[in-house]
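Examination of the molecular architecture
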Amino acid sequence: MLIINNLKASIGGKSILKGISLEVKPGEIHAIMGPNGSGKSTLAAVLAGREFVEVTEGTVTYFGKNLLEMAAEDRAKEGIFLGFQYPIEIPGVSMVNFMKTAVNEHRKHKGLDPLSASDFLKLMRDKKELVEIDSKLANRSVNEGFSGGEKKKNEIFQMAMLDPKLAILDETDSGLDIDALRIVANGVNKLKHPDNSFIVITHYQRLLDYIIPDVVHVLYDGRIVKTAGKELALELEEKGYDWIKKEIENNVEA
Amino acid sequence: MMEKDNDKILSEVTTGEYKYGFYSNIEMDRIPKGLSEEVVRLISFKKNEPEWLLDFRLKSYRHWLTMKMPTWPNLRIPPINYQDIIFYAAPKERKNLKSVDDIDPELRKTFDKLGIPLEEQKHLAGVAVDAVIDSVSIKTTFKETLAEMGIIFCSFSDAVKEYPDLVKRYMGSVVPYTDNFFATLNSAVFSDGSFCYIPKGVRCPMELSTYFRINSANTGQFERTLLIADEESYVSYLEGCTAPSRDENQLHAAIVEIVAEKNAEVKYSTVQNWYPGDKEGKGGVFNFVTKRGMCKGENSKISWTQIETGSAITWKYPSCILRGDNSTGEFYSVAVTNNHQQADTGTKMTHIGKNTKSTVVSKGISAGYGQNSYRGLVKVLKNATNARNYSQCDSLLLGDKCGAHTFPYLEVDNSTSIVEHEATTSKIGEDQIFYCNQRGISTEDAIGLIVNGYAREVINKLPMEFAVEAQKLLQISLEGSVG
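Model, not experiment: these values are computed from the prediction. (Residues numbered from 1 in each chain as written. Chains lettered and ligands numbered in written order. Predicted model: local features only at pLDDT ≥ 70, side-chain atom pairs only at ≥ 80, totals over all residues. Heavy atoms only, no water.)

Opposite charge on two side chains makes pairing possible when the charged atoms of those side chains draw close. All told, the structure shown has 32 salt bridges over all chains when counted by the stated rule. A salt bridge links Glu37 of chain B to Arg41 of chain B, with the shortest nitrogen-to-oxygen separation between them at 3.5 Å. Taken together, the positions of Glu37 of chain B and Arg41 of chain B, both in helix 2 (residues 37-46) and four residues apart, correspond to about one turn of that helix. On the basis of relative accessibility, which here comes to 24%, the residue Glu37 of chain B falls in the partly exposed class. Classification of Arg41 of chain B as partly exposed rests on a relative accessible area of 37%. In this structure, a network of salt bridges that share partners links the residues Asp74, Lys77, Glu105 and Lys108 of chain A. (Salt bridge = Lys/Arg side-chain N within 4 Å of Asp/Glu carboxyl O. Helix = DSSP H or I, 4+ residues; strand = E, 2+ residues; numbered from the N terminus. Buried < 20%, exposed > 50% of the residue type's maximum accessible area, 1.4 Å probe, protein only.)

The structure is reproduced here in structure tokens:
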């Protein structure tokens, strides 16, 4: 569904992504790991359509379409969901109103009528249960005054509401205690079905105890330097990123 | 680069069109342009007024001649030539206006187009309307239904004829004819407006509303509203206003006076949508209005809610004089300035009685080249023991060519009072818009959502039927304005 080919991108003239190639097939979970500053979040931003990242080279194809030409909201309506590393607060806008607008925009895009108020509330109730989110959150303004953990759970809840084809979770695990981590991971596992895919961006291995990836990539200095199965995550946990760095430096010297 | 993109989208979004800019070809009776003692007399004569009212007008006019237009507002107002304004314009009267069918069809069409049908059966359930075009009131709906409860709801002119004692007693008691330049001008030349009296112990069962429409060119609109809530009564009142799109500026200088007696409560809501001028700032209404309420009796309450999206220049401060002990004044405002609009608006809360309470919530929204100023005075007099005020003024900026300004004034002469003031200024963040985009919401809808969220506290104070309208209006006013 997603083919990234030799993607290069920069922010404010500084080159961040230096040639990334990656293919995600339906039903796959990809984990992208790497040290801070390696370009993980920039990759997520490019895929979601943030304008401050400038793509300088390469292509991204999503279900056969040129993703880079699509507006951010169109990417969303075509099924791309970004779970934000730092979810944004929107004071005064209730979660209900926010989600209703979003869900109905998605429906309009598919040629469906907007949901009735009661159907919508039922959908919210069901999804809240599914992801074990406190139902009080839904009555508050979008992320306003939420704790770090609540914000992340709220991202998973929104993902459940919008049922994306490709979900990109940008360090959703950072700042979570073990219970919240479990809730987030369970949410992902429950929402997983054979046709949708996930790109899970994480700094630590511990999330991957709960979400089992099919493929693990290591991003370092804007490039994918290693790709392997789920065992790579454990190896990284054990040896740290220095091991990868050394390996790369050796390769360069060789 | 971020900034640039933001600006581009901003300038694209601020291009909403004014929906009410049409002009109706109605047969009008207009007096010649200009202002003089003769004109004042002519207006009074045309309206067939009693001597005492003519005296009031002449007294006001003579006083006005001694006054100068104030220069303290944070506004750039081009000079106004009072000899170039028509001070009275009325649709030609048909004789024996008994039912709606007797109203000029062109006039009826106008109000239909504005969504204000004059036929009671077609009207929003539970809302009585007084429809004012240019200088006169056309029709007041549900007059009879209300009369059964003793409620008087009619045009100001009718009130002068039918209830002269009430008018004499209360007119000018809250806004004296010497009050300020535009109030004095209004006192000299006011044409019509609404009058409302709620008798003792009556809860008005429906929303009362006045719909003001400027139609004629070169005409000023000077209406006067007087609202009296007798002891233990309650009324919720709404005013709406629109005008045709024209290249020249039009002057609107109104007065609203409210009196709340013991235990009475008045809610006064305004959705102001006068023509704001075009995108280059040409044309538009000058909205220079004096609105003031007197909480005269104990435990009385007056609450102002305003959604100000229109007018080229807005200059108004709906205020409360809290004279009765334990009385309460409230001011909730959303003021939008887009393109080249300017607003200097806020409130005055004057605490005179003991245990008086006031709340001020002001939300300014600026886009395009709009300039938005909040100006508020909280005054606590010596005997106002335990007075309490809370003021909150927030400014939201959309883009970097607009401005927000805050001028709070505090005069506290009683040490037992508690006065709080909070102010914030924020910009709609690119992050917030992107967050919405990422959920499938377009930039324009995102702005609507964020702005309405920002203004929600105030919109929630509006009567239900109008809250939805106000939300739409906010969105339209800012259409084309952010990213």
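Let us look at the interface of chain A and chain B. Each side of the interface is counted separately: chain A has 33 residues, and chain B has 22 residues. When chain A packs against chain B, close to 2,300 Å² is buried across both sides, 62% of that on carbon and sulfur atoms. With a shortest N-O distance of 2.7 Å, Glu155 of chain A and Arg439 of chain B are connected by a salt bridge. At the surface where chain A touches chain B, the tally comes to eleven residue pairs in polar contact (both at pLDDT 80 or more). Going through the elements one at a time, helix 2 (72-77), strand 6 (80-83), strand 7 (90-94), helix 3 (95-109), strand 8 (141-142) and helix 5 (148-162) of chain A are the ones with two or more residues in the side of chain A that touches chain B. For the side of chain A that touches chain B, the element with the most residues is helix 3 of chain A, which contributes six residues. When its residues are assigned to classes, the side of chain A that touches chain B shows 17 nonpolar, nine polar and seven charged. (Contact = heavy atoms within 4.5 Å. Buried area = accessible area lost by both parts, 1.4 Å probe. Polar contact = N/O pair within 3.5 Å; in protein donor to acceptor, adjacent residues only side chain to side chain. Nonpolar A, V, L, I, M, F, W, Y, C, P; charged D, E, K, R; others polar.)

Further remarks concern the side chain of Lys77 of chain A. Relative to the helices and strands, Lys77 of chain A resides in helix 2. Since its relative accessible area comes to 15%, Lys77 of chain A is described here as buried. Non-local contacts of Lys77 of chain A, meaning those with residues more than four positions away in its chain, are made with Glu105, His106 and His109 of chain A together with Gly440 of chain B.

All names here are of chain B. By the definition in use, this model includes 23 aromatic pairs over all chains. Judged by centre distance (5.1 Å) and plane angle (80 degrees), the rings of Trp64 and Tyr82 are edge-to-face. Remark: Tyr82 occurs in the loop between helix 3 (51-65) and strand 2 (89-91) and Trp64 occurs in helix 3; sequence separation between them is 18 residues. Each of the two residues, Trp64 as well as Tyr82, counts as buried. By relative accessible area, Tyr82 is classed as buried at 10%. (Phe/Tyr/Trp six-rings, centres within 6.5 Å; stacked < 30°, edge-to-face > 60°.)

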